[in-house]
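Inside the fold
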Amino acid sequence: VQLQASGGGLVQAGGSLRLSCAASGRVVSVNTMNWFRQAPGKQREFVARVTRTGAQAYTDSVQGRFTISRDNAKNTVYLQMSTLKPEDTAVYYCNAEIYAFGGRWTEYWGQGTLVTVSS
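Below, the structure is looked at part by part.

Thresholds, definitions, all that
Residues numbered from 1 in each chain as written. Predicted model: local features only at pLDDT ≥ 70, side-chain atom pairs only at ≥ 80, totals over all residues. Heavy atoms only, no water. Salt bridge = Lys/Arg side-chain N within 4 Å of Asp/Glu carboxyl O. Buried < 20%, exposed > 50% of the residue type's maximum accessible area, 1.4 Å probe, protein only. Helix = DSSP H or I, 4+ residues; strand = E, 2+ residues; numbered from the N terminus. Contact = heavy atoms within 4.5 Å. Pairing = 2+ DSSP bridges.

Here the focus is the pattern of salt bridges. Counting across every chain of the model gives three salt bridges. The partner of R37 in a salt bridge is E45, with the nearest N and O atoms 2.7 Å apart. The buried category is assigned to R37, whose relative accessible area is 5%. A residue is classified by how much of its surface remains accessible, and E45, at 32% relative accessible area, is partly exposed. Close ionic contact of D88 with R65 constitutes a salt bridge, the shortest N to O distance being 2.8 Å. Of the two residues, D88 sits in the loop between β8 (76–81) and β9 (90–100) while R65 sits in the loop between β6 (56–58) and β7 (66–71), which places them 23 residues apart along the sequence. Here D88 matches R65 in class, with each residue buried.

And the structure:
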C-alpha cells in the first residue's frame, strides 16, 4: 500500500492549484484522509481533513481558501487551493489510515509535493 501525491508546482500569489493523493495497492478501506504541510525551517502542520462520510475540517489559516474532498471509489483525496499566498509555500503531504488485505489499520504518508507561491 502506498499514497502517491501529485499536483504541486509554482504559482503566483492569488492563483490556484489542485493537489491529489491516491492510495494504491491492496487497499480494503480508507479512513479519514488528511493534508499536512511543512514550510522551510518549520514543523509539519495540519492543513485539512475529510472523513469517509465527507465531514471536513481546516486549519484557520486556509479556511475559506482551500477545499478538501475525496473520491471513495478511487481512494483519492484532493485539495483545491485558491487565493494562494506566499506563506502557503511548503511541501504538502497526504496522510491516511488504511486497512489493507490481510492486515490491520495502519497510518500511511505520501511522499510530499512542493507548492511554491511567488509574490
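Let's shift gears to unusual backbone geometry. A positive phi is found at N75, a non-glycine position, where the angle reads about 50°. Mapping N75 onto the fold places it in the loop between β7 and β8.

Within the secondary structure, S119 sits in the segment after β11 (113–118). For S119, a relative accessible area of 87% puts it in the exposed group. S119 sits 74 residues away from E45 along the chain, and the two C-alpha atoms are 22 Å apart. Discounting chain neighbours no more than four positions away, the residues touching S119 are A13 and P86.

Another aspect to go through is the pairing of β8. Sheet faces and side chains relate simply in a regular strand, where the side chains alternate between the two faces. For β8, the tally of buried residues reaches five of six residues, placing the bulk of the element in the interior. Pairing of strand β3 (residues 17–24) with β8 involves six bridges; the strand directions are antiparallel. Residue L17 lies in a different strand from β8, and its bridge partner there is M81. Where β7 lies against β8, six bridges are found, and the strand directions are antiparallel. From the neighbouring strand, T67 faces β8, where its bridge partner is Q80. Remark: four residues form the turn of the hairpin made by β7 and β8, two consecutive strands paired antiparallel; N75 in that turn has positive phi of roughly 50°.

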